[in-house]
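Residues per chain are reported as follows:
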Amino acid sequence: MSFAQKTNMSLNTISHPRKPRPDELVPSRYALPVGEIDVLVVSDGVITPPADAMATNVDPAVREAWQNDMFLAPDAYDWALNAVVVRSGGRTILIDAGLGLEYPDFPRAGQLGLRLEAAGIDLASVTDVVLTHMHFDHIGGLLVDGVRDRLRRDLRVHVSAAETKFWASPDFSRTAMPPDMADLIRRAAKRFLNEYHSQLWPFEAEHEVAQGVVVTRTGGHTPGHSVVRLASGGDRLTFAGDAVFPVSFEHPDWHNGFEHDPEEAARVRVRLLRELAANRESLVATHLPFPSVCHVAVDGEAFRCVPAVWDY
Ligand SMILES: [Zn+2]
């Protein structure tokens, strides 16, 4: 049964500090097929990073003007937080895991567990996790109390070897984020490595997780940052993780304060956006507005995000 056909809306049997909201008016998941592959974008909610982290290499007045043009609040901007579940070749693959529940500064995120359950996806059915990188908003959902116990013992966690190596002794010298946030990020990555070390399946440059599901290291945002490419029956979709942000279409060269190598991150971004535009495949990214499914068009030196039409 595909995600699109699944209508299980059961919202009970949860031990979770947040109450299930069966009357939730905002849609929290969006299913689409990529050839034979089932794809489900699931929202973990919204986080609000500090506005000055959006662009660290431009005059703040330029950044503020852009925020104003985009109807974004001046001090902190809303960032969607999307994860993806993919089913292919008998495997159920969770790509990134949201923020988790330990961060009171981000009370609108951490909803992935509830929303997977609402979608009828049991954690015990997940055979693989793919991590684009190990920032807390991508691994936190795996650190929520009780989650590891509900996951399979033979779960495979695919993450690039460069990423696990980096977080053993991370370098924040090129980032521009509040120091307390850097501490939280360091701590979450360390805890993740401790708790999941026996289930890690590190890869070097590229790894086929399941039929048509390939994770490829890009570096840039973090040294081991990776994207996931889906291909089946002539259809293609890329989950870009943090290689592409909402601002990146108009300003692909703007450095983000969460990037550990901002110049390389910009090169990775431009290369990826050009490639997606050239082969006309779909894009989904962590922080693009939910459900984030779009195409990329070239627009002079920059790009445009062309949202997909929702198919109900
Ligand atoms: Zn992120």
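Residues numbered from 1 in each chain as written. Predicted model: local features only at pLDDT ≥ 70, side-chain atom pairs only at ≥ 80, totals over all residues. Heavy atoms only, no water.

A short note on the nonpolar core
One finds Leu 131, Met 134 and Phe 192 to be the most contacted residues of the largest nonpolar core, which totals 54 residues. Considering every element that reaches this core, the biggest residue donor is helix 6 (residues 179-196), with 8 residues. If sequence neighbours within four positions are ignored, Leu 131 has contacts with Asp 96, His 138, Ile 139, Leu 142, Val 157, His 158, Val 159 and Phe 192. Phe 203, Ala 210, Val 213 and Val 215 belong to the second largest nonpolar core, which has 22 residues in total. (Core = buried A, V, L, I, M, F, W, Y, C linked by side-chain atoms within 4.5 Å. Buried < 20%, exposed > 50% of the residue type's maximum accessible area, 1.4 Å probe, protein only. Helix = DSSP H or I, 4+ residues; strand = E, 2+ residues; numbered from the N terminus. Contact = heavy atoms within 4.5 Å.)

A look at the coordination of the zinc ion
The coordination sphere of the zinc ion, as far as protein atoms go, consists of Asp 137 (OD), His 138 (NE2), Asp 242 (OD) and His 287 (NE2), spread over 2.1 to 2.3 Å. Given 4 donor atoms and angles of 88 to 161° at the metal, the environment of the zinc ion is assigned as irregular. For the zinc ion, the single-chain donor residues occur in sequence as D-H-x103-D-x44-H. (Donors = N, O, S within 2.8 Å, 3.2 Å for Na, K, Ca; no water. Tetrahedral: all angles 85-135°; square planar, octahedral: opposite > 155°, others 65-115°.)

Observations regarding unusual backbone geometry
Of note, the bond from Phe 290 into Pro 291 is cis; its omega dihedral lies within 30 degrees of zero at 0°. If you check the backbone angles, Asp 96 has positive phi at about 65° while not being a glycine. Relative to the elements of secondary structure, Asp 96 occurs in the loop between strand 4 (91-95) and helix 2 (112-118). Looking at Asp 96, the relative accessible area reads 1%, which means it is buried. Even without being glycine, Arg 280 reaches a positive phi, approximately 60°.

What about the sheet that holds strand 2 (residues 37-47)?
An order of 1-2-3-4-5-6-7 is seen for the 7 strands of this open sheet, with the pairing classed as mixed. The open sheet terminates on both sides in strands that have one partner only, identified here as strand 1 (29-34) and strand 7 (200-203). Averaged over neighbouring strand pairs, the angle between their axes works out to 25° when direction is ignored. Relative to strand 4, strand 3 (residues 79-88) is paired through 5 bridges, and the arrangement is antiparallel. Paired with Val 84 across the two strands is Ile 95, which belongs to strand 4. (Pairing = 2+ DSSP bridges. Axes fitted to C-alpha atoms, helices over the stretch in contact; angles between N-to-C directions.)

So, the pattern of salt bridges
Applying the stated criterion across every chain, the model contains 14 salt bridges. The partner of Arg 191 in a salt bridge is Glu 102, with the nearest N and O atoms 2.5 Å apart. Of the two residues, Arg 191 is situated in helix 6 and Glu 102 in the loop between strand 4 and helix 2; the sequence distance between them amounts to 89 residues. Classification of Glu 102 by relative accessible area gives partly exposed; the value is 48%. Between Arg 186 and Asp 183 there is a salt bridge; the shortest N-O distance is 2.8 Å. Placement of both Arg 186 and Asp 183 in helix 6 is noted, with a separation of 3 residues, approximately one turn of the helix. Through salt bridges with shared partners, one network takes in Arg 229, Arg 236, Glu 275 and Glu 281. (Salt bridge = Lys/Arg side-chain N within 4 Å of Asp/Glu carboxyl O.)

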